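Residue strings, one per chain:
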Amino acid sequence: MTTDATVVLENYTYFECPRWHDGRIWVSDFYTHQVISAQADGSDVRVEAEVPQQPSGLGWLPDGRLLIVSMRDHTILRREDDGSLAVHADLSHLVEHHLNDMLVDGNGRAYVGNFGFDLMNGGDPASTSLILVEPDGSSRVVADGLWFPNGMALTSDGRLVVDETVANRISVFDIHDDGGLGERRDWAVFGELPDMADTATAMGQIVLAPDGCAIDGDDVLWVADALNGRIARVVEGEGITDQLDFDSGVFACGFGGEDGHTLFVCAAPDFDEHARKEATDGRLLSVAFR
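Residues numbered from 1 in each chain as written. Predicted model: local features only at pLDDT ≥ 70, side-chain atom pairs only at ≥ 80, totals over all residues. Heavy atoms only, no water.

A. Inspection of the sheet that holds strand S20 (residues 230–235) at higher detail. With respect to topology, four strands assemble into an open sheet ordered S18-S19-S20-S21, the strand pairing being antiparallel. A single partner strand is all that each edge strand has here, and the edge strands are strand S18 (210–215) and strand S21 (239–245). In this sheet, adjacent strand axes meet at a mean angle of 30° when their direction is disregarded. Of the pairings in the sheet, the one linking strand S19 (residues 221–225) to S20 comprises five bridges and is antiparallel in character. Paired with leucine 221 across the bridge in S20 is valine 234. (Pairing = 2+ DSSP bridges. Helix = DSSP H or I, 4+ residues; strand = E, 2+ residues; numbered from the N terminus. Axes fitted to C-alpha atoms, helices over the stretch in contact; angles between N-to-C directions.)

B. Region of interest: unusual backbone geometry. With a phi close to 70°, asparagine 11 is a non-glycine residue in the positive phi region. When you line up the elements, asparagine 11 lands in strand S1 (residues 6–12). Assessed through its relative accessible area of 56%, asparagine 11 is described here as exposed. Its identity as a non-glycine residue notwithstanding, histidine 33 has a phi of 65°, on the positive side. Inspection of the secondary structure assignment puts histidine 33 in the loop between strand S3 (24–29) and strand S4 (34–38). (Buried < 20%, exposed > 50% of the residue type's maximum accessible area, 1.4 Å probe, protein only.)

C. Broad picture of the sheet that holds strand S17 (residues 185–189). Reading across the sheet, the four strands line up as S14-S15-S16-S17 and stay open at both edges, with antiparallel pairing between neighbours. The open sheet has two free edges, formed respectively by strand S14 (149–154) and S17, since each of these has just one partner strand. In this sheet, neighbouring strand axes are inclined to one another by 25° on average, regardless of whether the strands run parallel or antiparallel. Relative to strand S15 (residues 159–164), S14 runs antiparallel, the two being bridged by four bridges. When the bridges of S15 are listed, methionine 152 appears paired with valine 162.

This is the structure in C-alpha cells:
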C-alpha cells in the first residue's frame, strides 16, 4: 500500500501505545515521562500524567480511571478522578526487567507484558511471562515461555492476540472465564525461532519484529515491525497480506478518529534508548482509511 501519512505530533522523544479514548488520541512519551492526549489533528495537547519511571501501556477501568504501565519500577499506576496517581498493582515479585505494553479489557482486567531481558544494554534474550492484573490490583502469571510479549489485541470472539517481538511470531490464546489463558497457538509465523545465544544474533534472524498492534473490525491485525519501518497487515493463518511503508522506524499503532478508520502510528528513527532520550525525533502520524 502507498502510505500517505499526516504528522499529528512531533518533537517528542519516543511514542508508544496509542489509544483512542473519549474523542482524543492518547500516547505515552517514554523519555519525557509523560502521558499526553490531543485532538485527532494534534491540537489541544494535554499532559494527562507524569510518570517518572517511564510510562508505557495505557488502558481504562470500567469506571473511567486510567491505568498506566510504569516500566522501570514494575508497577501499574491508576489515575484517580482528581488527577493523582496511585499504585494499582506492584508486579516486582513477578518480573525483573522493564514492564512493557498492556491491554485492559472491558471488565478492567489488564494483561501486561515485559521485556524479559536487558534489551537496551545488549543482554542475552530470555523468555518471560504475561501477567494478568485484576481490577482489584491482584496479579498472577497467565502465560509463560514468551519472547518479549509486546502489543496485544482482542478478537471479536474474545481471544487474546500477543506479539512476540523477538520470536518471529504472533501468538493467540483462548481466554477462560476467570481471565486465565489457554494454550499458546500461532496467529502468524514469519520465520524460524531465532538463535537466542545473544541479542545481535537473534536480531539478525528476525524477519518481522511485531511491536505494537491494532485489530480492525474484520479481525485483521495491523502490526508495527520494529526493525523494518512498516506496518504489516496480518491475517490469522495467512500471514502478511499487505503493508504500509514508512520513511522511519515505526513501533506501535492504534485505530481511532471519529469514524474509527484512522490508524495512528508511533514513529522514530530507532528504538535505542540511549539515542532517543537525547533527541526529540519522535512523531505521531496518522493514516486515514476510506
